[in-house]
Amino acid sequence: MRREDALDRLGSLTFDVLVIGGGIVGAGVAAEAARAGLTVALVDRGDFGAETTSASSKLIHGGLRYLRLGDVGLVREAHHERRLLMRTTAPHLVRRLPFLLPLYRDGPHGPVLVQAGLVLYSALALARLSRLVPPEGARRRVPDLRLDGLRWCGLYADAVTHDGRLCLENVTAAAEAGATVLNYAEVKALRVAGGRVAGAELDVGHETVSVSARAVVNATGPWVDELRRLEHPSVAPSIRLSKGVHVLVALDRPWSAALTIPHDDVRVSFAVPWQGMLLLGTTDTLHEGGPGVVEVTDSDVDQVMAEAAIGVEPGLLRREAIRSTFAGLRVLPLGRGGTTNARREVVVSRGSAGMISVAGGKLTTYRRIALGVLEELAPELGLSSLDKRPWRLPGGVDPRLQEGRLTRFFPGLEASTTEHLTRLYGSRAEAVLSLAAEDPRLLEPLAPGGPDLAVQAVYAARREWAMTTQDVLRRRTTVALRGLGTPEVAERVSELIARPAPV
């Protein structure tokens, strides 16, 4: 749907549900609501998935450390959702990966405790891969593993993803099920009729658009309380924020497993092979400023690199090896104590004028969170039953099935490129490449040294709501995270997204 058509629909229809916030939770709510047959509008003040969602640790996991916090139910639920994402919902985006938990002589955990924890973790995951392996065996999986003082490594399995694209697939699923979706549409006020929230006033390019809806869902993440105050100015805070910083460094040789590095009884950090690089992090510190101001400082980078050095050989952790950094904000329930020990619970509330606000939780369990919101809305929207079975997102096939097809139809592409495209787009990779029929130069790399192609920028603008160069470089492709988003590349992307579609 063209942006102009979406604006017309937003201003002329009365929707069953208006979802404000296009991160993973809001996108998941919109997709499940549209699937249930409701008329849905999804809007975001910026780009879809631009904030917390695309600043995660890229993990789809049960959360081993949550066992230490006693959250067995959360771990079981997360494992269930992880299996569904890998097998049914998004097999092209969610990839199983072994994890090693190194046990050093001066570390916080002993082999007996870790072995017991892994047995429970694997039982909750319905998995067999869980044991202690000696340093030599671990080093074969992680060639840059620090061996000094290493006694054993716990071995288990979780999964990794491209978080921004997982969000985008849910937005696409919502749109394909009939939802009206629009990014860069900021809510300036809520519409109230008969004492109930009945829509919102949007600022879209300095144009005001009035949206009417029977129900409104506030899924704005770190901004959840700001929107709640539009419903009632004196409402009490419901959340606090934790800042998480990540660093991506060049990986000289491939890893076949990730590291979970323990720092105390509860806190861990990760070193995860991701898109041919190594993703390090994350920090976990209370954020006391506004949600719109979050940045990576030199001290943040120092902390991430120092914590990674506990399990990674220092030769890999050179400052010149850093490709990019990013920071995001986690939403935590309001409470006392440090953010590290805070439970990763979902915060759901119903406002005085009926608006439902939802925030927090885990990327892994976004679908379960979305279904919970719809259950809350069911009585007022007349949903007698809700289909909770998992469904396949757009592009959702085993990427290995697509690589052969791309090689046959586009024989000039390198194997690494076809693998990259199928990991991002799944079965839609052919549709992406087909746009190069109008200009074969679109099959050239978008940035020198990276696997993304110029045609992806065109596809992002025409089919995936990309409006700016950063929408393409940071969220639709991997260019910015690889440190390849130079001014010259940004200028090229600007030209590509402005290309008119063939008549």
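About the criteria used
Residues numbered from 1 in each chain as written. Predicted model: local features only at pLDDT ≥ 70, side-chain atom pairs only at ≥ 80, totals over all residues. Heavy atoms only, no water. Phe/Tyr/Trp six-rings, centres within 6.5 Å; stacked < 30°, edge-to-face > 60°. Helix = DSSP H or I, 4+ residues; strand = E, 2+ residues; numbered from the N terminus. Buried < 20%, exposed > 50% of the residue type's maximum accessible area, 1.4 Å probe, protein only. 1 Å grid on protein atoms, 1.4 Å probe; cavity = no way out; pocket = protein on both sides within 12 Å on 5 of 7 lines; lining within 4 Å. Points joined across faces, edges and corners; volume = space filled by probe spheres on them. Salt bridge = Lys/Arg side-chain N within 4 Å of Asp/Glu carboxyl O.

Draft legend 1. Here's a closer look at the packing of aromatic side chains. Scanning the model with the defined rule gives 5 aromatic pairs in all. On the numbers, 6.3 Å between centres and 85° between planes, the contact of phenylalanine 99 with phenylalanine 270 is edge-to-face. In this pair, phenylalanine 99 is assigned in strand β4 (residues 95-104) and phenylalanine 270 in strand β13 (residues 268-274), connecting sequence segments 171 residues apart. The burial state of phenylalanine 99 is the same as that of phenylalanine 270; both residues are buried. Centroid distance tyrosine 425 to tyrosine 459: 5.9 Å. Interplanar angle 85°. Geometry classified as edge-to-face. Of the two residues, tyrosine 425 is situated in helix α11 (residues 415-425) and tyrosine 459 in helix α13 (residues 454-463); the sequence distance between them amounts to 34 residues.

Draft legend 2. A look at unusual backbone geometry. Along the chain, glycine 281 connects to threonine 282 via a cis peptide bond; the corresponding omega equals 15°. Mapped onto the fold, threonine 282 is located in the loop between β14 (277-281) and β15 (285-287). Of note in this structure, lysine 58 is not a glycine but carries a positive phi near 65°. Within the secondary structure layout, lysine 58 lies in the loop between β2 (40-43) and β3 (59-60). When its relative accessible area of 1% is taken as the criterion, lysine 58 is described as buried. Not every positive phi belongs to a glycine, and histidine 206 is a case in point at roughly 70°. Tracing the backbone through its elements, the reader meets histidine 206 in the loop between β9 (196-204) and β10 (207-218).

Draft legend 3. Looking closely at empty space enclosed by the protein. What the rule picks out here adds up to 2 cavities of 30 Å³ or more. Looking at the largest cavity, its volume works out to about 60 Å³. Lining the largest cavity are Gly28, Ala31, Glu32, Thr89, Asn170, Tyr366, Arg367, Trp391 and Leu393. A per-element tally of the lining of the largest cavity places helix α2 (residues 24-35) first, with 3 residues.

Draft legend 4. Structural context of the pattern of salt bridges. Tallying each qualifying case throughout the model produces 36 salt bridges. Between aspartate 387 and arginine 35 there is a salt bridge, and its shortest N-O distance comes to 3.4 Å. Taken together, the residues span a long stretch of sequence, with aspartate 387 in the loop between α9 (366-381) and α10 (399-409) and arginine 35 in helix α2 at a distance of 352 residues. When its relative accessible area of 25% is taken as the criterion, arginine 35 is described as partly exposed.

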